[in-house]
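Chain by chain, the residues:
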Amino acid sequence: MTLIPISDAITLLVSNAPIYTNQLGGDGGWTSYIGLFSMALFFVMIFYGQRIQSRMMIRDVESSLHKLRFIKDEGRKTAIETLKEAGKPTVDISSRVDRCLDYFTIGPQSMDPAGIVAKLDHILEVRDQRLLDEVRLMAPQCDDVQLHNMENTLEAAMALTYLYKVVRHYYIQGKKTMSLYVIMQLQMVLPLVMKEAEAFSAALTAFSFGQPIGDSVGPLIAGKLMHGYEAHKVYKDCVVATVPFEGRTALVMKAEGPGGNVGKPGDAIEAVIEENEGKIAMLVMIDAGLKLEGETVGDIAEGVGSAIGGPGVDAFKIEEKLVKYKIPINAVIIKEDIGDAVAPMRKEIHDAADKAIERVRELVLERTKEGDTILIFGVGNSIGIGQ
Amino acid sequence: MTQSNQQQSSANKISLYLMFIVLIVLGLSIVTLFSAVYAYYILDEAIVAGFLIIIGAFALTLSGVVLYQTRRNAATLKNDAPKMMTIIECKNCGTKTTREFQRGDFVFKELDVCQKCSEQKQMITGVYKEIKETGKIYAI
Ligand SMILES: [Zn+2]
């Protein structure tokens, strides 16, 4: 039974109307017809209520699906236009972009999970390289910064395409089976899916223009710390600068900007720790963290553990090294919404950078001695952030 | 262009469907209100008239609210997003200027020499978007 109590009550009220008229000797007229109609409606609702509800849900899903398709098509268009503008290809790249959008990655087999991190790492690296090569082919005249921005743009378009296809799959399945439970599952997650799609769409524009996103707050903070000091490249798209910091020596690291890039923080931190033979007093990781509803954007929270997202390869590598040399790890996160994290950077998040630096300063003053060497890593996509 | 037109038409279709339902409810509620008047004056049935008035008024407000909401949704969709701003600062004299984001801007990018003190190069210190929180704030 899927009737709403209120409509139930109304139906009963109306269906009682002819009884009153008959009791009081009135001649019914319109009112008795309305009563009869509501009676009929009552029984229709009993037998067909669920079906009607399914249809209404399908309508709901359909309108979201239309919107999703629009977002996806816009994303594809933006990607192609940006590639054309920056790379000046000599041939039509539309079909190549379409092929890229259907690109998939198969994760490593996990039946015997020993050594799976290395396998996953390898697959991800091959994937990144493949995408980068693809972009290079499509946009031969791109410089390195643009190349990374294009790659990120394409990746956002890929995510949108995938979302659209999955939602469409369940929509058609629901329509075919007319099963309330198939449709309901889709309808329940749809608000979250749409939020994600809108975030990806915002990300796509940011990437195509090379604008910083919410996730770039980690590199922004690291950049603020290392600005004015010479930065040199370490393993795979990361940079490190030696900065005097409150009487300590801070090795400040971030992904190389201003191209869209998250680098390989795991390998980079590993390399720097080994370079210093493990003589690191503390590792501080600064990252954008997901906020819960009700928390304010740009709030700063402190904790311990490796603050880094992604598939976990980097966190694994960092933790391995930390355990080997018994290095304490602290994390400072800047709270933001999932939507804010990939959308162009908000003012609140930008303003939080200075506050976060103060928190790092306090942390370092309290937990390390003068003359120590500390490692500070600003995790995130360094799009639109130089050094 | 064609894609956006398609989107437009599908959106219109949906709102037409909704409009159809709303109009039916609106018509029914008016009929109910009329029959209330009929029941009260002609049939002399105060209780029935009372019930009918309640139902009619309920349906009328409901359809009114739905109409109002769709109107407001359409209005919010038209609102365009705030622009991305670039903040430029001179480290020497502290002059701070804000302009719209241009392709190629990035934080820590050095720009032309400052016009005021003509000594040091200006630098981009921030690229961000100012979004006004429009949603309801649940202060608990
Ligand atoms: Zn100046």
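Residues numbered from 1 in each chain as written. Chains lettered and ligands numbered in written order. Predicted model: local features only at pLDDT ≥ 70, side-chain atom pairs only at ≥ 80, totals over all residues. Heavy atoms only, no water.

Asks: What exactly am I supposed to notice about the pairing of strand S2 (residues 96-100) of chain B here?
Replies: Here is the key point about a regular strand: its side chains alternate between the two faces of the sheet. Residues and elements named next belong to chain B. Bridge analysis of strand S1 (residues 84-90) against S2 gives five bridges, and the strand direction is antiparallel. Note that in S2 the partner of Ile88 across the bridge is Thr97. With antiparallel pairing between neighbouring strands as the criterion, S1 and S2 make up a hairpin whose turn holds five residues, including Gly94 at a positive phi of roughly 80 degrees. (Pairing = 2+ DSSP bridges. Helix = DSSP H or I, 4+ residues; strand = E, 2+ residues; numbered from the N terminus.)

Asks: How do you make sense of helix H8 (residues 265-275) of chain A when you look at a structure like this?
Replies: A turn of α-helix holds 3.6 residues, and therefore any two residues three or four places apart point the same way. Among the residues of H8(A), those classed as buried are A:Pro265, A:Gly266, A:Asp267, A:Ala268, A:Ile269, A:Val272 and A:Ile273. Downstream of H8(A) by one or two residues, A:Glu277 has phi in the positive range, about 50 degrees. (Buried < 20%, exposed > 50% of the residue type's maximum accessible area, 1.4 Å probe, protein only.)

Asks: Is there a simple way to think about the coordination of the zinc ion in this case?
Replies: Think of it this way: four donors in a tetrahedron around the metal ideally sit 109.5 degrees apart, and six in an octahedron ideally sit 90 or 180 degrees apart. Residues and elements named next belong to chain B. Coordination of the zinc ion by the protein involves Cys90 (SG), Cys93 (SG), Cys114 (SG) and Cys117 (SG), with metal-donor separations of 2.3 to 2.4 Å. Because the angles between the four donor atoms bound to the zinc ion fall within 106 to 112 degrees, the donor set is best described as tetrahedral. When the donors of the zinc ion are listed by position in the chain, the intervening gaps give C-x2-C-x20-C-x2-C. (Donors = N, O, S within 2.8 Å, 3.2 Å for Na, K, Ca; no water. Tetrahedral: all angles 85-135°; square planar, octahedral: opposite > 155°, others 65-115°.)

Asks: What exactly am I supposed to notice about the pattern of salt bridges here?
Replies: A side chain of one charge can pair with a side chain of the opposite charge if their charged atoms are brought near each other. Residues and elements named next belong to chain A. On inspection of all chains with the given rule, the structure shows 32 salt bridges over all chains. The partner of Arg361 in a salt bridge is Glu246, and the shortest N-O contact between them spans 2.7 Å. Of this pair, Arg361 sits in helix H11 (residues 347-367) while Glu246 is found in the loop between strand S2 (238-245) and strand S3 (248-255), placing the two residues 115 residues apart along the sequence. With relative accessibility at 23%, the residue Arg361 sits in the partly exposed group. Two residues, Glu274 and Lys321, come together in a salt bridge whose shortest N-O distance is 3.1 Å. Of this pair, Glu274 sits in helix H8 while Lys321 sits in helix H9 (residues 313-325); the two residues are 47 residues apart in sequence, bridging distant segments of the chain. (Salt bridge = Lys/Arg side-chain N within 4 Å of Asp/Glu carboxyl O.)

Asks: Mind showing me how you'd approach helix H6 (residues 180-209) of chain A here?
Replies: Residue and element names in this part refer to chain A. Look at H6: 43 Å from first C-alpha to last across 30 residues, which is about the 44 Å you get at 1.5 Å a residue. Its maximal kink placed at Leu190, H6 deviates by approximately 45 degrees, while the proline Pro191 follows within four residues. Residue Gly210 follows H6 closely and has a positive phi angle near 75 degrees. (Expected span 1.5 Å × (residues − 1). Bend = angle between axes of the 7 residues up to and from the residue.)

Asks: Mind showing me how you'd approach the domain arrangement of chain A here?
Replies: It is common to give the size of an interface as the accessible area that goes away when the parts come together. Residues and elements named next belong to chain A. Domain annotation for chain A reports domain 1 (55-209) and domain 2 (214-378). The distance between the C-alpha centroids of domain 1 and domain 2 comes to 28 Å. Each side of the interface is counted separately: domain 1 has 16 residues, and domain 2 has 20 residues. Carbon and sulfur atoms make up 62% of the area that domain 1 and domain 2 hide from each other, which totals about 1400 Å². For the pair domain 1 and domain 2, the interface holds five salt bridges. Within the residue set of the side of domain 1 that touches domain 2, elements represented by two or more residues are helix H4 (116-138), helix H5 (144-177) and H6. (Domains from an automatic or database assignment. Contact = heavy atoms within 4.5 Å. Buried area = accessible area lost by both parts, 1.4 Å probe.)

Asks: So what exactly am I meant to see when it comes to the side chain of A:Asp314 here?
Replies: Summarising the element assignment, A:Asp314 is placed in helix H9. Among buried charged residues, A:Asp314 stands out as having no salt bridge; its nearest opposite-charge side chain is A:Lys264, 5.7 Å away. (Lys, Arg positive; Asp, Glu negative; His and termini not counted.)

Asks: Just to check I follow, could you spell out the sheet that holds strand S6 (residues 329-336) of chain A for this structure?
Replies: Strand pairing within a sheet occurs via backbone hydrogen bonds; the two strands may be parallel or antiparallel. Residue and element names in this part refer to chain A. Pairing in this open sheet of seven strands is mixed, and the strands run S1-S2-S3-S7-S4-S6-S5 from one edge to the other. One side of each edge strand has no neighbouring strand; the edge strands of this open sheet are strand S1 (231-234) and strand S5 (300-304). On average, each strand axis in the sheet is inclined to that of its neighbour by 25 degrees, with strand direction left out of account. As judged from the eight bridges shared by strand S4 (residues 282-290) and S6, these two strands associate in the parallel manner. Bridge pairing in S6 places Asp287 opposite Ile333. (Axes fitted to C-alpha atoms, helices over the stretch in contact; angles between N-to-C directions.)

Asks: Mind showing me how you'd approach the sheet that holds S2(B) here?
Replies: Residues and elements named next belong to chain B. On the basis of which strands lie adjacent, the open sheet formed by four strands has the order S2-S1-S4-S3 and antiparallel pairing. Unpaired on one side and paired on the other, S2 and strand S3 (110-113) mark the two borders of the sheet. Direction aside, neighbouring strands of the sheet carry axes that sit 35 degrees apart on average. Direction of pairing for S1 relative to strand S4 (residues 121-129): antiparallel, over a ladder of seven bridges. Across the sheet, the residue bridging to Ile88 is Ile124, located in S4.

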